[in-house]
Amino acid sequence: MSIRIAVGQFHDLTDDRLRFAKQIGASGIQMNNPTLPGDAMWQLEDVRALVEQVEAAGLKFEAIENVPTHFYHKVMLGLDGRDEQIENYQSTMRAVARAGIPVLGYHFMPNSVWSTSRTAETRGGATARQFDMAVVEANADNLDQLRSFMPTTLGRASSMPLFGKDGPTVSEEAMWENYRYFIDAILPVAEEEGLRLALHPDDPPVPMLGGVARLFYKPENFRKAYEMANQSTAWALDLCLGCCSEMFGGASNVAEMIDFFAPRGALAYIHFRDVQGSVPNFTECFIGDGNFDPAEVITQLARHGFDGFLLDDHVPKMDGDSDWNHRGRAHVIGYMQGLVRMAAHSGTLK
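Since the model is a prediction, treat every value here as computed from it, not as a measurement.

Draft legend 1. Main features of empty space enclosed by the protein. Applying the stated rule across the entire model yields one cavity of 30 Å³ or more. Of the volumes computed, that of the largest cavity is approximately 60 Å³. Of the residues forming the lining of the largest cavity, the biggest block, three residues, is contributed by helix α13 (residues 326-346). Split by residue class, the lining of the largest cavity holds seven nonpolar, three polar and two charged.

Draft legend 2. Geometry of helix α2 (residues 44-56). For α2, built from 13 residues, the straight-helix expectation of 18 Å at 1.5 Å per residue is met to within 8% by its first-to-last C-alpha distance of 18 Å. Along its buried surface, α2 packs onto α1 (15-24), β2 (28-32), β3 (60-65) and α4 (82-98). Positive backbone phi, at 80°, marks Gly58, one or two positions downstream of α2.

Draft legend 3. Quick look at the environment of Ala255. Mapped onto the elements of the fold, Ala255 is located in helix α11 (residues 251-261). Distance in space between the C-alpha atoms of Ala255 and Cys244 is 9.1 Å, their sequence separation being 11 residues.

Draft legend 4. Looking closely at the layout of surface pockets. There is about 1,600 Å³ of room inside the largest pocket. Forming the boundary of the largest pocket are 50 residues, of which His11, Asn32, Val113, Pro151 and His314 lie nearest the centre. Those elements that provide at least two residues to the lining of the largest pocket are β6 (127-132) and α7 (152-155). When grouped by side-chain class, the residues that make up the lining of the largest pocket number 17 nonpolar, 20 polar and 13 charged.

Draft legend 5. Representation of helix α8 (residues 172-193) within the structure. Taking 1.5 Å of rise per residue, 22 residues should cover 32 Å, and α8 covers 31 Å from first to last C-alpha, within 8% of that figure. At Ile186, α8 shows its largest bend, some 30°, and a proline, Pro188, comes one to four positions later. Considered for burial, the residues of α8 that qualify are Met175, Trp176, Asn178, Tyr179, Phe182, Ile183, Ile186, Leu187, Val189, Ala190 and Glu193. Directly beyond the C-terminal end of α8, a positive phi value near 70° is found at Gly194.

Draft legend 6. Fine view of the nonpolar core. In this structure, Ile29, Tyr106, Tyr179, Trp235, Phe261, Phe272 and Leu310 are the most contacted members of the largest nonpolar core, which totals 92 residues. Among the elements that make up this core, the one with the highest residue count is α8 (nine residues). With sequence-adjacent residues up to four places away left out, Tyr179 is seen in contact with Tyr106, Phe108, Leu199, Leu215, Phe216, Ala225, Met228 and Trp235. Within the second largest apolar cluster, 16 residues are counted, among which are Phe131, Leu146, Met150 and Met160.

Draft legend 7. The arrangement of the environment of Gly124 in detail. Considering the arrangement of structural elements, one finds Gly124 in the loop between β5 (117-121) and β6. Along the primary structure Gly124 and Ala6 are separated by 118 residues, whereas in three dimensions their C-alpha atoms are 27 Å apart.

Draft legend 8. Structural view of the packing of aromatic side chains. This model, assessed by the stated rule, comprises 22 aromatic pairs. Ring centres of Tyr269 and Phe309 lie 4.7 Å apart, and the angle between their planes is 5°; on these two criteria the pair is classed as stacked. With Tyr269 in strand β11 (residues 267-271) and Phe309 in strand β14 (residues 309-311), the pair connects residues that are 40 residues apart, well separated along the chain. For Tyr269, a relative accessible area of 0% corresponds to the buried category. Measuring from centroid to centroid gives 6.2 Å for Phe272 and Phe292, while their planes differ by 90°, and the two rings are edge-to-face. With a gap of 20 residues between them, Phe272 in the loop between β11 and β12 (274-278) and Phe292 in the loop between β13 (281-285) and α12 (294-303) connect regions that are remote in the sequence. Of the two residues, Phe272 and Phe292, both sit in the buried class. Ring-pair connections join several aromatic residues into one group, and the members of that group are Tyr72, Tyr89, Tyr106, Phe108, Trp176, Tyr179, Phe182, Phe216 and Phe222. One Lys or Arg, Arg17, reaches over the ring of Trp324 and ends 4.7 Å from the middle of that ring. Positioned above the aromatic ring of Trp176 is the side chain of Lys224, whose terminal nitrogen or guanidinium carbon lies 4.2 Å from the ring centre.

Draft legend 9. The pattern of salt bridges, seen in detail. Inspection of every chain in the model, using the stated rule, returns 16 salt bridges. We note a salt bridge from Arg129 to Glu246, for which the minimum N-O separation is 3.7 Å. Of this pair, Arg129 sits in strand β6 while Glu246 sits in helix α10 (residues 241-246), placing them 117 residues apart in sequence. Side by side, Arg129 and Glu246 carry an identical accessibility label, which is buried. In this structure, Glu284 and Arg129 form a salt bridge, with 2.8 Å as the shortest nitrogen-oxygen distance. In this pair, Glu284 is assigned in strand β13 and Arg129 in strand β6, connecting sequence segments 155 residues apart. Each member of the pair, Glu284 as well as Arg129, is classed as buried.

Calculation notes
Residues numbered from 1 in each chain as written. Predicted model: local features only at pLDDT ≥ 70, side-chain atom pairs only at ≥ 80, totals over all residues. Heavy atoms only, no water. 1 Å grid on protein atoms, 1.4 Å probe; cavity = no way out; pocket = protein on both sides within 12 Å on 5 of 7 lines; lining within 4 Å. Points joined across faces, edges and corners; volume = space filled by probe spheres on them. Helix = DSSP H or I, 4+ residues; strand = E, 2+ residues; numbered from the N terminus. Nonpolar A, V, L, I, M, F, W, Y, C, P; charged D, E, K, R; others polar. Expected span 1.5 Å × (residues − 1). Contact = heavy atoms within 4.5 Å. Bend = angle between axes of the 7 residues up to and from the residue. Buried < 20%, exposed > 50% of the residue type's maximum accessible area, 1.4 Å probe, protein only. Core = buried A, V, L, I, M, F, W, Y, C linked by side-chain atoms within 4.5 Å. Phe/Tyr/Trp six-rings, centres within 6.5 Å; stacked < 30°, edge-to-face > 60°. Lys NZ or Arg CZ within 6 Å of the ring centre and 35° of its normal. Salt bridge = Lys/Arg side-chain N within 4 Å of Asp/Glu carboxyl O.

As structure tokens, this is what we get:
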């Protein structure tokens, strides 16, 4: 199977999204934290209903990325009750696999993605997400302001840990212990069910935010996790090119991650986005305006035999765009289609 294009990054499966995917020429879809019944886990019949809706539209359901963070936040933080959450997560994994979805993406960030602005200007006055560590540091003891940098539901959730600069911390060592406990419990289930687990990098890729350490903010830590999983084929990456480009060093991280993980077959799928700048201060941008060369990335992926799918991710908001940014997504999807066709024409993509 060759490189293909999917449409994704939405919670609700609507006829409009399915028609958009068909009209733009994508072969499949991905959903991010789909809106489903269940306060602690998902049921097979609910997940299967989504798959049937996608298949009825003539598309492939490529992956689900993320369950609600409260499904496993105790696992990430090593809190009492984590074993019950792991059992529920295992049940959700079985539901996803048995519904016919081959990949379940996840992150290991208890307080998730942070943004200090969602209206920074980029090319032509389009607006985009921005992160500036100096803004975080200037508000280190203003917990209400720090919570505003998190996704809305998490920012409102008192259950998510957040500490001022002089408060307690969750160390990187503790987070590694928690990750090992999690992966040791779920990998055997994934292997048994034929499900691939796809790890998303930290965003922003910094060592700590709000007193909680982050793990997946530099390339060597992904290699450590790969070894921790004993190189299981059920362990893979949801390689967000934007997150890698955000890391200190910019585009060099993108090349390093692809060169290590693609030949090992450990890339499940790719978030195709980029940023200008890198930590401690970066702004998302249109593909082709950022740190890496998109054509070089496609050539590199093809050379290493990557056979997963490419996906739209965060995109700038163009004038007159929808809440889901149909215009921005159409731009990046068309760009990816052109790159894949270029690679096939040049003989790089077999």
